[in-house]
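Observations on chain architecture
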Amino acid sequence: MDTTQYLDVFIDESNEHIEVLYKKLLELEKDPTEKAIIEEIFRAAHTLKGMSATMGYNDLAKLTHTLENVFDAIRYDKVQVQSEMIDLLVETVDHLNAMVEDIASGGNGSQDITDVANQLEAIEKGEVVVPKEKIETVQEVVTAQNSSVFTKLDEFELSILNESNERGFQNFEVSVQLREDCLLKGARVFMVFEVLEQLGEVIKSNPSVTDLEDENFDYSFSVILVSSAKENEIAEKIKKVSEIEKVTVDAFSVNNYLDRKETELTTPVTNEVNTVEDKKVEKNESTDSENTKSSHNKTIRVNIDKLDVLMNLFEELIIDRGRLEQISTELRNTELQESVERMSRVSSDLQNIILTMRMVPIEHVFSRFPRMIRKLARDLDKQVDLEIIGADTELDRTVIDEIGDPIVHLLRNAIDHGVETPEVRLQKGKPEKGTIKLKAFHSGNHVFIEIADDGAGINKEKVLKKAIENGIVSENDKDTLTDQQIYGLIMESGFSTADKISDISGRGVGLDVVKNTIESLGGSITIDSEYNKGSVFSIQLPLTLTIISVLLVELNKEKYAIPLSSIIETAIVSKEQILSAHHKKVIDFRGKVVPLVNLKEIFDVPNADHDEEYTSIVIVKKGEKMAALVVDSFIGQQEVVLKSLGAYLSSTFAISGATILGDGQVALIVDSNAVIK
Amino acid sequence: MSNETATEKKVIVFQLKDEEFAVSVQQIGSIERIETITRVPNTAKFVKGVINLRGVVTPIIDLRSRLGIEESDYTESTRIIIVYLDDMEVGLIVDAANDVIDISTDAIEPAPEVIGAVNADYIEGVAKLENRLLILLDLKKVLTYEEINELKNVEGQ
């Protein structure tokens, strides 16, 4: 089957399932007995297995299969969830993730998974309580009863076996007996497998491949082989491997196998546990699909380019809508006005849908951090709590795809250089466990992401000394730098403050890369820190929202647009309400002192008016900070299409872009974040 | 430019003060009448602002001011020439634009140090025709990045 056309979908879906696995595993650690979580993990593993098997990624299928088995055991209380187990399980999912990444980058997703698979099987078998052992004894009984040692084939394996017949291959059961004086059993097995793989494809082995490789078997093993070769040819070739006592090759019939299953079902006492389990699995699979249907919305995947085109077309529509609205108010024709109003309503709904279609909650990025932090903290013998705030903050898909790595880097940095070891923390009188806060929020046309730790903070002197040593700043300049500028130095290229190099961060490359990435996204990053109290890395990113609600204001005869998302409220204050503090004009806004910012001064608007009795102000916010923008008058609220000023004027102070108004005029959009200091 | 090997080069001729300038047609998108320009604050003096060019917000610079010629009021004949350079799209305000001619590449000579009021830095060459002298403008230099950096300095932030 040509599967390449499904590759993208496969990768997308696999990533989703892996995401679910990670998330649920962490939940499971907190709540090890919660059946719903276990079910969900089982389901994700099961789906992933099915998909990867269909796509022909065998290693991936194998590993997910083992994972699925473990959770199958867990959900029937054969295995208890323990915290060491979670480590291994997370590691397993790491492997799955690596495989999917490999596939995504064009590889075939093969990886050496024997170790993990082995350990997983150990969990599944080794730490089992009574019922599982029963199964094993049952299996032995079955083995004795039937000629074939294979009693459990899953659907995937069965389907291959069925298909092989159709394609003119034959299924064989090959049993190999090694000599008792054989020294390197593992090596012999390997050689046999090499022969087998030249002849055809090994579908299943008993004991499992990993057990065989670890020499976890007596002297005989069996495999199911799909091959076009003849029975005696297979036997002859295997016998070429030395230290082999006996080889038997028999045809393996799927029908016989199924018949045997049937009899097992009807043979009541001895096989009870086994069959019950099988039945349950089947039953569960059917309910699974039902559950998935009911709990998940149906989705379809759309190429993001198409969404871009849709967005562009819609922008055109919005501009024309503005024009129509203006014409209809001028003409005062009731019928025209009504239909324009109706059109406006429909298009606002349409706009909401189009916008939200492209928005993804930042949770998609954040969700992988808890386990990463957990692992890092363990590796570094530190205790860290990660607090995530605002995971539902939505960002355009394109930005989401890019910010993951920079945040990972900053988090690593926070754990490695920020949070101290528990001993040091105790000495400093801090709680043993450090806290890293990851916070996301919207403000204006930007989204802010803050990474705050309560660790050691940044040693200003050390940073300065290092920066001078490395020639990043000159000795003369050092006194003119503000604290923030000094902290900013650690993001210059060729700067690393770590005394010793660790593999977590501090390789001399790092924060400068973070800075570059963020700037290439049109964002910026600032650092605030207090020595021994902690540091805050604050990232500002554009939403890349192209249609926004703005308040149009007038400055003299010029029109400017202020994004509604950054406005708290508008007000008109009288002259007496404007106070003076530190030679700056401020107002008292609901008990808070808010500085006045005269937009006309910032924008050099000609013939700025002198004092008037009343002043119109727009109160805007950036995070916690506020400012009151002084304008001449308010025009009103409007939906506008955000346009860039063009490459020639790409970075103009306090202007984030432009928009075209209904009358065809261009109005500039105020970047209120730049105005608030 | 592929045309440089050819013997003929099609240029648009435009007027600034009493001199005639030329830009290859391949770099020109359209010629527009002057329309309302929205001023963009905190930019260089020669940046007059932006216009709505059929839905695209396009920066406009006054070519007189850019080349160091004193500015004058816009008249009926004032035009905006929309030029493309790399991924930039910029409108140039000129006194008049009314000629498209073919000039022979042989007629183009390197620029002398100073031509009239314009610094030779912005000049690609000079074309001598029977009774006129065309100054071929080097758009890359006119719209160069240093100028944009200069803009940033002007912003003062």
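Residues numbered from 1 in each chain as written. Chains lettered and ligands numbered in written order. Predicted model: local features only at pLDDT ≥ 70, side-chain atom pairs only at ≥ 80, totals over all residues.

**Regarding the overall build of chain B**
Across its full length, chain B carries three helices and 13 strands. Sequence-distant contacts in chain B: of pairs separated by 6 or more residues, those separated by 24 or more amount to 52%. (Helix = DSSP H or I, 4+ residues; strand = E, 2+ residues; numbered from the N terminus. Contact = placed C-beta atoms within 7 Å.)

**Observations regarding the interface of chain B and chain A**
Between chain B and chain A, the residue contacts involve 24 residues of the former and 22 residues of the latter. Of all elements in the fold, only β4 (47–53), β5 (56–62), β7 (88–94) and α3 (145–155) of chain B reach the threshold of two or more residues within the side of chain B that touches chain A. Residues of the side of chain B that touches chain A, tallied by class, amount to eleven nonpolar, eight polar and five charged. (Nonpolar A, V, L, I, M, F, W, Y, C, P; charged D, E, K, R; others polar.)

**Side note on the nonpolar core**
Grouped together as the largest cluster of nonpolar side chains are 79 residues, with contacts concentrated most on A:Leu629, B:Ala22, B:Ile81 and B:Leu137. With near-sequence residues (within four places) excluded, B:Leu137 lies in contact with B:Phe21, B:Ala22, B:Val23, B:Tyr122, B:Ile123, B:Glu124 and B:Val142. Of all hydrophobic cores here, the second largest spans 39 residues; its members include A:Ala452, A:Ala467, A:Ile518 and A:Phe537. (Core = buried A, V, L, I, M, F, W, Y, C linked by C-beta atoms within 7 Å. Buried ≥ 20, exposed ≤ 12 C-beta atoms within 10 Å, placed from the backbone.)

**Notes on unusual backbone geometry**
Residues and elements named next belong to chain A. Its identity as a non-glycine residue notwithstanding, Asn 556 has a phi of 55°, on the positive side. Inspection of the secondary structure puts Asn 556 in the loop between β12 (547–555) and β13 (558–563). Positive phi, close to 50°, is recorded for His 582, a residue that is not glycine. Tracing the backbone shows His 582 in the loop between β15 (578–581) and β16 (584–589).

**Comments concerning the confidence of the model for chain B**
All names here are of chain B. For chain B, the average pLDDT comes to 80, and 82% of its residues sit at 70 or higher. Considering only residues more than four positions removed or in separate chains, one finds that residues 147–157, a stretch of pLDDT under 50, has 13 contacts. With pTM at 0.45, the complex prediction returns an ipTM value of 0.80. (pLDDT = per-residue confidence, 0-100.)

**Observations concerning the environment of B:Ser65**
All names here are of chain B. Looking at the element boundaries, Ser 65 is found in helix α1 (residues 63–66). On the basis of neighbour counts, which here come to 16 C-beta atoms within 10 Å, the residue Ser 65 falls in the partly exposed class. In this view, Ser 65 contacts Lys 45, Phe 46 and Glu 71; residues no more than four positions away in its chain are not counted.

**What to know about the packing of helix α1 (residues 7–30) of chain A against helix α2 (residues 35–55) of chain A**
All names here are of chain A. As a packed pair, α1 and α2 sit with axes 9 Å apart at the nearest point and diverge in direction by 155°. What the angle tells us is that α1 and α2 run roughly antiparallel. The two elements α1 and α2 cross, and the hand of that crossing is left-handed. For the pair formed by α1 and α2, the contact residues are Phe 10, Glu 13, Ser 14, His 17, Val 20, Leu 21, Lys 24, Leu 25, Glu 27 and Leu 28 on the first element and Ile 37, Ile 38, Glu 40, Ile 41, Ala 44, Ala 45, Thr 47, Leu 48, Met 51 and Met 55 on the second. (Axes fitted to C-alpha atoms, helices over the stretch in contact; angles between N-to-C directions. Parallel < 35°, antiparallel > 145°, perpendicular 65-115°, else oblique. Left-handed = near helix turned anticlockwise from the far one by under 90°.)

**Thoughts on the sheet that holds β4(B)**
Residues and elements named next belong to chain B. The five strands lie next to each other as β3-β6-β7-β5-β4, forming an open sheet whose pairing is mixed. With partners counted over all chains shown, the strands left at the sheet margins are β3 (28–33) and β4, one partner each. Within the sheet, the average angular offset between the axes of one strand and its neighbour, ignoring direction, is 30°. Bridge count for β4 against β5 is six bridges, and the pairing is antiparallel. Bridge pairing links Gly 49 to Ile 60 in β5. (Pairing = 2+ DSSP bridges.)

**A look at the pairing of β5(B)**
Residue and element names in this part refer to chain B. The element β5 is extensively covered by neighbouring structure, given that six of its seven residues are classed as buried. Where β4 folds back onto β5 in an antiparallel hairpin, the turn is made up of two residues, including Arg 54, whose phi is positive at roughly 45°. Pairing analysis gives three bridges linking β5 to β7, with the strands arranged parallel. Directly across from Ile 61, in β7, lies its bridge partner Leu 92.

**Observations regarding α1(A)**
Residues and elements named next belong to chain A. Counted at 1.5 Å a residue, the expected span for α1 with its 24 residues is 34 Å, and the 35 Å between its end C-alpha atoms agrees. For α1, the set of buried residues is Phe 10, Ser 14, His 17, Ile 18, Leu 21, Tyr 22, Lys 24, Leu 25, Leu 28 and Glu 29. Considering only its buried residues, α1 is in contact with α2, α4 (83–104) and α16 (369–379). (Expected span 1.5 Å × (residues − 1).)

**Remarks on the environment of A:Ser574**
Residue and element names in this part refer to chain A. Relative to the helices and strands, Ser 574 is located in strand β14 (residues 567–574). Between the alpha carbons of Ser 574 and Glu 613 there is a distance of 5.8 Å; along the sequence they are 39 residues apart. If sequence neighbours within four positions are ignored, Ser 574 has contacts with Glu 613 and Tyr 614.

**A look at the packing of helix α8 (residues 185–199) of chain A against helix α10 (residues 231–239) of chain A**
Residue and element names in this part refer to chain A. Close contact between α8 and α10 brings their axes to 9 Å; oriented N to C, the two are set at 150°. You can see that α8 and α10 cross each other, and the crossing is right-handed. Residues Val 192, Val 195 and Leu 199 of α8 touch α10, and the partners they reach there are Ile 234, Lys 237 and Ile 238. Tallied by class, residues from the contact of α8 with α10 come to five nonpolar, no polar and one charged.

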